[in-house]
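Chains, contacts and geometry: an overview
What follows is each chain in one-letter form.
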Amino acid sequence: GENVEQHPSTLSVQEGDSAVIKCTYSDSASNYFPWYKQELGKGPQLIIDIRSNVGEKKDQRIAVTLNKTAKHFSLHITETQPEDSAVYFCAASWGNKFYFGSGTKLNVKP
Amino acid sequence: KAGVTQTPRYLIKTRGQQVTLSCSPISGHRSVSWYQQTPGQGLQFLFEYFSETQRNKGNFPGRFSGRQFSNSRSEMNVSTLELGDSALYLCASSLGAAGNTIYFGEGSWLTVV
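Per-chain numbering applies: the sequence of each chain, read as written, is numbered from 1 onward. Going through the entries in the order they are written, you letter the chains from A and number the ligands from 1. In keeping with the model being predicted, local features are shown solely for residues with a pLDDT of at least 70 and side-chain atom pairs are shown and tallied solely at 80 or more, while totals for entire chains, interfaces and linings include all residues. To obtain the side-chain values, all non-hydrogen atoms of the structure were used and water was disregarded.

Topic: the interface of chain A and chain B
Going by this rule: What makes two residues a contact is simply this: any of their non-hydrogen atoms within 4.5 Å. Once two parts are put together, the accessible area they lose, assessed with a 1.4 Å probe and summed over both, is termed the buried area. N or O atoms closer than or at 3.5 Å make up a polar contact, with two conditions inside protein: a donor-capable atom paired with an acceptor-capable one, and, for residues adjacent in sequence, both atoms drawn from side chains. A run of H or I in DSSP counts as a helix once it spans at least four residues, and a run of E counts as a strand once it spans at least two, with each numbered from the N terminus. Only Asp, Glu, Lys and Arg are considered charged in this grouping, and only Ala, Val, Leu, Ile, Met, Phe, Trp, Tyr, Cys and Pro are considered nonpolar; every other residue, Gly among them, is considered polar.
On the side of chain B, 20 residues touch chain A, which itself brings 16 residues to the contact. Across the chain A to chain B interface the summed buried area is about 1500 Å²; carbon plus sulfur atoms make up 55%. Across the contact surface, chain A and chain B share 7 residue pairs in polar contact (both at pLDDT 80 or more). Elements represented by at least two residues in the side of chain A that touches chain B include exactly β4 (32-38), β5 (45-51) and β10 (97-100) of chain A. A class-by-class count of the residues in the side of chain A that touches chain B yields 7 nonpolar, 5 polar and 4 charged.

Concerning the state of the cysteines
Residues and elements named next belong to chain B. What counts, and what does not: Cysteine sulfur atoms are paired as a disulfide whenever they come within 2.5 Å of each other. Under the scheme applied here, a residue whose accessible area is under 20% of the maximum for its type counts as buried, over 50% as exposed, and between as partly exposed, the area being computed with a 1.4 Å probe on protein chains only.
Taken as a whole, this structure holds 2 disulfides over all chains when the rule is applied. Between Cys23 and Cys91 runs a disulfide, and the two sulfur atoms are separated by 1.8 Å. The chirality of the disulfide connecting Cys23 with Cys91 is left-handed, given an S-S dihedral of about -60 degrees. On the criterion of sequence distance, the pair formed by Cys23 in strand β3 (residues 19-24) and Cys91 in strand β9 (residues 87-94) is long-range, its members being 68 residues apart. In this pair, the class of Cys23 matches that of Cys91, namely buried.

So, the environment of A:Lys37
Residues and elements named next belong to chain A. For Lys37, the position within the fold is in strand β4. Under the relative-accessibility criterion, Lys37 is labelled buried at 16%. Remark: the alpha-carbon pair of Lys37 and Lys105, spanning 68 residues in sequence, is separated by 9.7 Å. With sequence-adjacent residues up to four places away left out, Lys37 is seen in contact with Gly43, Pro44, Gln45, Ile47, Glu83, Asp84, Ala86, Val87 and Tyr88. At 2.9 Å, the side chain of Lys37 forms a polar contact with the backbone oxygen of Glu83.

As for the sheet that holds strand β7 (residues 62-67) of chain A
Paired through their backbone hydrogen bonds, the strands of a sheet run either parallel or antiparallel. Residues and elements named next belong to chain A. Filter applied, for reference: The pairing criterion is simple: DSSP has to find at least two bridges between the two strands. To obtain each axis, a line is fitted to C-alpha atoms, and for helices this fit is confined to the stretch in contact; angles are then taken between N-to-C directions over 0 to 180 degrees.
Strand order in the open sheet made by the 5 strands is β1-β3-β8-β7-β6, with antiparallel pairing throughout. Each edge of the sheet is formed by a strand with only one pairing partner; in this case those strands are β1 (4-7) and β6 (56-59). This sheet shows a mean twist of 15 degrees between the axes of neighbouring strands, independent of strand direction. Sheet analysis places strand β3 (residues 19-25) next to strand β8 (residues 72-77), joined by 6 bridges and oriented antiparallel. Bridged to Val20 within β8 is His76.

Thoughts on the nonpolar core
Convention followed: Side-chain atoms within 4.5 Å link the members of a nonpolar core, which is a set of buried Ala, Val, Leu, Ile, Met, Phe, Trp, Tyr and Cys residues.
Formed by 24 residues in total, the largest nonpolar core has its most connected members in A:Trp35, A:Phe73, A:Leu75, A:Tyr88 and A:Leu106. For this core, the elements supplying multiple residues, two or more each, are β2 (10-14), β3, β4, β5, β7, β8, β9 (86-94) and β11 (104-109) of chain A. Within the second largest apolar cluster, 21 residues are counted, among which are B:Val19, B:Val32, B:Trp34 and B:Leu46.

Let's talk about the packing of aromatic side chains
To be explicit about the condition: Stacked, edge-to-face and tilted are the three classes for Phe, Tyr and Trp ring pairs, Trp counted by its six-membered ring, which pair at centre distances within 6.5 Å; planes under 30 degrees apart are stacked, over 60 edge-to-face, the rest tilted. Throughout this description, the term charge over a ring refers to an Arg CZ or Lys NZ atom that lies within 6 Å of the ring centre and within 35 degrees of the ring normal.
Taken as a whole and judged by the stated rule, the model has 13 aromatic pairs over all chains. Each ring, one from A:Phe33 and one from A:Phe73, has its centre 4.8 Å from the other, and the planes form 50 degrees; the classification is tilted. Linking A:Phe33 in strand β4 with A:Phe73 in strand β8, this pair joins segments that are 40 residues apart in sequence. In this pair, the class of A:Phe33 matches that of A:Phe73, namely buried. When the ring of B:Tyr35 is compared with that of B:Phe104, the centres are 5.6 Å apart and the planes differ by 55 degrees; the resulting orientation is tilted. Of this pair, B:Tyr35 sits in strand β4 (residues 31-38) while B:Phe104 sits in strand β10 (residues 103-104), placing them 69 residues apart in sequence. An aromatic cluster is present here, built from A:Tyr36, A:Phe100, B:Tyr35, B:Phe45 and B:Phe104 joined pairwise through their rings. The ring of B:Phe50 carries B:Arg55 above its face, with NZ or CZ at 4.3 Å from the centroid.

A word on the pairing of strand β5 (residues 42-50) of chain B
All names here are of chain B. Here β4 pairs with β5 via 8 bridges, running antiparallel. In the strand pairing of β5, Trp34 is matched with Phe47. In textbook terms, the turn of a hairpin is the stretch between consecutive antiparallel strands, and for β4 and β5 this stretch comprises 3 residues. Here 4 bridges tie β5 to strand β6 (residues 53-57), and the two strands are oriented antiparallel to one another.

Set out below in structure tokens:
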């Protein structure tokens, strides 16, 4: 089955800096890659997603890039703010199956 | 549009008991999937239901079961609870076709004592 690896497991940045979280996947059939943000005590919320026919997608301070050849995709957060502190999960999907990374705990220091 | 609703939000059970968790998907969504989240194991897939049929299943023992009703609402049941079943149980819904986004509820926090 699909295997999704996510790095780093924890990331600490200063407010205003950028944060990058990387994920690799193993199954070339995966064609949909969502990212979720999970705040303490809440369920994961979709923040951005990308499909395999697109290389990059942006939404304000958040961007995701996909390299199908290398089988990796990344989440980029610019101008980080304290409210960006949370756990971020990447996922790879094909068909109606989803495979999640192990999560990255992002801490934005004011 | 209401999101995915899970009940109860918090519950405490004793070892050996059973528990039933409920999930109401987003209106119009026909797929409901369940995940177990623990601090050390991340998001573990339990099973997915679509049109009242289990379509996918993860690697959990038979003590974990689920069902889906004709209105797409779903329940999961855990029998003979063990301490290790303490976790956040998340439900997610989608339209159900390949490539559709899944949306999570807030989860049900289960503590087994």
